[in-house]
Amino acid sequence: MSQQGGSPTGEDDWWGQLYDDSTEDTGPAAAPDTLDDRFASVAGAMGAEAGADGVDEGSGRRRAPWDLPPPPGGRTSTETPGTTVPESRMPAEANSPGGAADANPVRDGSPAAAVTPAGPDAADNPAPQVADGTVPHTARHRAATEQPLPQPAPAPARTATHFDLPTLPPASLDYVGSGPPTYDAEPTALPPADPDDLDDLVADTVLDGARYGACTLRAVSVRGDSARYRGEPRRDSLLTARFGTGEHALVLVAMATGARATPGAHRAAAEACHWIGRAVGRSHARLAEDIRAARRGDLKSGLHRLTDRSLGKLRASAAEQGIEPEEYAAALRCLLLPADPQCRTRVFFGVGAGGLFRLRDGDWQDIEPRVGEVTGEPVVGFGSLPAETPEGDRLTMDLGIPTPPSPYEPAPEPPREPFRFRASVARPGDTLLMCSGGLAEPLRGEPDLCRYLTTRWSGPTPPGLAAFLADTQVRVKGYADDRTAAAVWEA
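How each quantity is defined
Residues numbered from 1 in each chain as written. Predicted model: local features only at pLDDT ≥ 70, side-chain atom pairs only at ≥ 80, totals over all residues. Heavy atoms only, no water. Helix = DSSP H or I, 4+ residues; strand = E, 2+ residues; numbered from the N terminus. Buried < 20%, exposed > 50% of the residue type's maximum accessible area, 1.4 Å probe, protein only. Contact = heavy atoms within 4.5 Å. Areas by Shrake-Rupley, 256 points an atom, 1.4 Å probe, with all protein chains shown as cover. Axes fitted to C-alpha atoms, helices over the stretch in contact; angles between N-to-C directions. Parallel < 35°, antiparallel > 145°, perpendicular 65-115°, else oblique. Left-handed = near helix turned anticlockwise from the far one by under 90°. Nonpolar A, V, L, I, M, F, W, Y, C, P; charged D, E, K, R; others polar. Polar contact = N/O pair within 3.5 Å; in protein donor to acceptor, adjacent residues only side chain to side chain. Phe/Tyr/Trp six-rings, centres within 6.5 Å; stacked < 30°, edge-to-face > 60°. Patch = residues over 30% accessible without salt bridge, like charges linked within 9 Å, V, L, I, M, F, W, Y side chains within 5 Å. Salt bridge = Lys/Arg side-chain N within 4 Å of Asp/Glu carboxyl O. Lys, Arg positive; Asp, Glu negative; His and termini not counted. Charge placed at Lys NZ, Arg CZ, Asp CG, Glu CD. Pairing = 2+ DSSP bridges. Core = buried A, V, L, I, M, F, W, Y, C linked by side-chain atoms within 4.5 Å.

K.L.:
Got a sec to walk through the overall build of the protein chain? Specific residues and values, please.
P.N.:
The secondary structure content of the protein chain amounts to 12 helices and 15 strands. Expressed as a percentage of its 491 residues, the buried residues of the protein chain come to 42%. Pairs at least 24 residues apart make up 69% of the contacts formed inside the protein chain by residues separated by at least 6 positions. For the protein chain, the computed accessible surface area is about 26200 Å², with 53% contributed by carbon and sulfur atoms.

What follows is the structure, given as structure tokens:
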């Protein structure tokens, strides 16, 4: 039937005669010319891939003479790469909605012709055409049986990517140690909110990072498992700030932990970070200069003074609220990182519980300074500034800040926490970790956590923010406090 739905025309009778078993073959031929013989001849030309009976090995379907053998990998293609077949010369199966059931598709009154093989050989030996431009069936058959069918181009060789290389660290874990922790790994309850004081809300997790000079910084603060379970706010606070520009910039990381079991613990921690941030920011130029000049003694005394002033404001705030000073107190730990790539001096200072660790050559070192010590490796260029003004007041790093009296001295009871300070020169490949007690305690108490972080953080490049967050959240049974950490990778 034609595409118009009418009966076959006389000029299309050859199509029905060819596939009609009742019609004998037309005329003698030098070689066997039955339909089976022709199909066997075409199947032989297709090669061993189609099999002796002309059946696809993968699908079991007989292929028509114009079908190409499937390329390696099992994908079947009916087009020759780089060859465009005009629509008017597509096979009947491709042009007719009914496929093989449409025995006689017609376009513009002419029967559709089969596609002759394309390629160099076909171009050198064009098939004969009749007056209307179509190719006779016998010529098409001869072209299909005598011309080698084009083969698909070989698949390009697979190139290696970074996913093929065994350089990725091991996958992150949920916990290490003797067994799973008591609480769930994810938050289960939100802290209560005051509709008139929404600024008092604290996010469950804070994540930050940067790269300056020779170091890459990653910092995170995460609510502990117990606070997540009870719907309590995160008592830890984290501040990362850059003061100045270019090589004279100074990066401050400050973290504070509010007193346990007090309603305003998160506020006290946040205030401690903000006050020390303001003090360092106002003096950042002189601080950066003293760090580059390796003035450790002056740095220690000056930063001790700035820390006392900041925590003194907490004690004054407690008095204003009518509560005991210990109920509105915080442990404070800070890290100063100069942006100058030629300066590898790293300065730590603070008061209260926490930890300072260094990963060097695959081993963790607990370098928390003892109280009252000026610790650290010898620093080239150690020096000092004038100790007093002409009026006799002692100076702190030449910042013009006199020692007592101050509005917050003497400090009320209980006594203040001892001041801790360390300034040392980092080596290429070091990883410096400053953290609150929530991470310092499991690091000191669970060797498996140290080993795990060693494998994760000893790679050629620092982890991304998401990976760092996952690493610092690896839990240990018996440790459920907030975790705040800042790690510095030295290039």
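K.L.:
Give me the packing of helix α7 (residues 265–282) against helix α9 (residues 296–321): which residues, what numbers.
P.N.:
Two elements in contact, α7 and α9, have axes whose closest approach is 9 Å; the angle formed by their N-to-C orientations is 140°. In terms of orientation, α7 and α9 fall into the oblique class. The two elements α7 and α9 meet at a crossing, and its hand is right-handed. Packed against α7, whose contacting residues are Ala 268, Glu 271, Ala 272, Trp 275, Ile 276 and Ala 279, the element α9 presents Leu 306, Thr 307, Ser 310, Leu 311, Lys 313, Leu 314 and Ser 317 at the interface. Of the residues belonging to the contact of α7 with α9, the class tally is 8 nonpolar, 3 polar and 2 charged.

K.L.:
Talk me through the side chain of Asp 225; I want residue IDs and the actual numbers.
P.N.:
Along the chain, Asp 225 turns up in helix α6 (residues 225–230). Asp 225 sits in the buried class, given a relative accessible area of 8%. For Asp 225, the side chain forms a polar contact with the side chain of Arg 475, separated by 3.1 Å. Here Asp 225 is in contact with Tyr 183, Asp 184, Ala 185, Arg 475 and Ala 480, once residues within four sequence places are set aside.

K.L.:
Could you give an account of the packing of aromatic side chains, naming the residues involved and the relevant values?
P.N.:
The description of an aromatic ring pair uses the distance of the two centres, along with the angle that the planes make with each other. According to the stated counting rule, one finds 6 aromatic pairs in the structure shown. With 5.3 Å between their ring centres and 50° between their planes, Tyr 183 and Tyr 229 make a pair best called tilted. On the criterion of sequence distance, the pair formed by Tyr 183 in the loop between β3 (175–176) and β4 (205–212) and Tyr 229 in helix α6 is long-range, its members being 46 residues apart. Exposure remark for Tyr 183: the relative accessible area of 21% places this residue in the partly exposed category. Ring geometry for Trp 364 and Trp 457: centres 6.2 Å apart, planes at 65°, overall edge-to-face. In this pair, Trp 364 is assigned in strand β11 (residues 363–366) and Trp 457 in helix α11 (residues 447–457), connecting sequence segments 93 residues apart. In this pair, the class of Trp 364 matches that of Trp 457, namely buried. One aromatic cluster in this structure is built from Trp 364, Trp 457, Phe 468 and Trp 489.

K.L.:
Provide a residue-level description of a negative patch on the surface, including the pertinent values.
P.N.:
A grouping of Asp 194, Asp 196, Asp 197 and Asp 199 is seen on the molecular surface, where their side chains present a negatively charged patch. Relative to the helices and strands, Asp 197 is located in the loop between β3 and β4.

K.L.:
Give a detailed account of the pattern of salt bridges, specifying residues and quantitative values.
P.N.:
If you walk through the whole model with that rule in mind, you get 16 salt bridges. Between Arg 267 and Asp 200 there is a salt bridge whose closest N-O contact spans 2.8 Å. Taken together, the residues Arg 267 in helix α7 and Asp 200 in the loop between β3 and β4 connect sequence positions 67 residues apart. Given the relative accessible area of 35%, Arg 267 is considered partly exposed. Residue class for Asp 200 comes out partly exposed when judged on its relative accessible area of 22%. The partner of Asp 448 in a salt bridge is Arg 451, with the nearest N and O atoms 2.2 Å apart. Here Asp 448 pairs with Arg 451, and both are found in helix α11, just 3 residues apart, close to one helical turn. Here Asp 448 falls in the partly exposed class, since its relative accessible area comes to 29%.

K.L.:
Explain the sheet that holds strand β13 (residues 431–435) residue by residue, including any values.
P.N.:
Strand order across the open sheet formed by 6 strands is β4-β5-β15-β13-β10-β11, with antiparallel pairing between neighbours. Each edge of the open sheet is held by one strand with a lone partner, namely β4 and β11. On average, each strand axis in the sheet is inclined to that of its neighbour by 15°, with strand direction left out of account. The pairing of strand β10 (residues 355–360) with β11 spans 4 bridges and is classified as antiparallel. Across the sheet, Arg 360 pairs through a bridge with Asp 363, a residue of β11.

K.L.:
Could you give an account of the nonpolar core, with specific residues and numbers?
P.N.:
Of all hydrophobic cores here, the largest spans 36 residues; its most connected members are Val 280, Leu 303, Leu 336 and Phe 349. Elements supplying a minimum of two residues to this core: β6 (236–243), β7 (250–258), α7, α8 (284–292), α9, β8 (330–338), β9 (345–351) and β12 (419–425). With 8 residues, the single largest contributor to this core is α7. Among all residues touching Leu 336, those that are not within four sequence positions of it are Leu 250, Val 251, Leu 252, Val 280, Ile 291, Leu 303, Thr 345, Arg 346, Val 347 and Phe 349.

K.L.:
Outline the sheet that holds β8, supporting the account with residue identities and numerical values.
P.N.:
Taken together, 5 strands build an open sheet; the order of strands is β6-β7-β8-β9-β12 and the sheet is antiparallel. The sheet terminates laterally at β6 and β12, the two strands that pair on one side only. Neighbour-to-neighbour, the strand axes of this sheet turn through a mean angle of 10°, independent of strand direction. Packing of α7 onto the sheet brings it into contact with β6, β7, β8 and β9, and relative to β7 it is tilted by some 155°. On the sheet, α8 packs against β6, β7, β8 and β9 and is oriented at approximately 105° with respect to β7.

K.L.:
Could you give me a rundown of the pairing of β9, with the residues and numbers involved?
P.N.:
Of all 7 residues in β9, 7 are buried; the element is thus mostly enclosed. Residues Thr 345, Val 347, Phe 349 and Val 351 line one face of β9 and the alternating positions Arg 346, Phe 348 and Gly 350 line the opposite face, and both faces are buried. With 5 bridges connecting them, β8 and β9 associate as antiparallel partners. Paired with Leu 332 across the bridge in β9 is Val 351. The loop that links β8 with its antiparallel partner β9 comprises 6 residues. Pairing of β9 with β12, which is carried by 7 bridges, proceeds in the antiparallel orientation. When the bridges of β12 are listed, Phe 348 appears paired with Arg 422.

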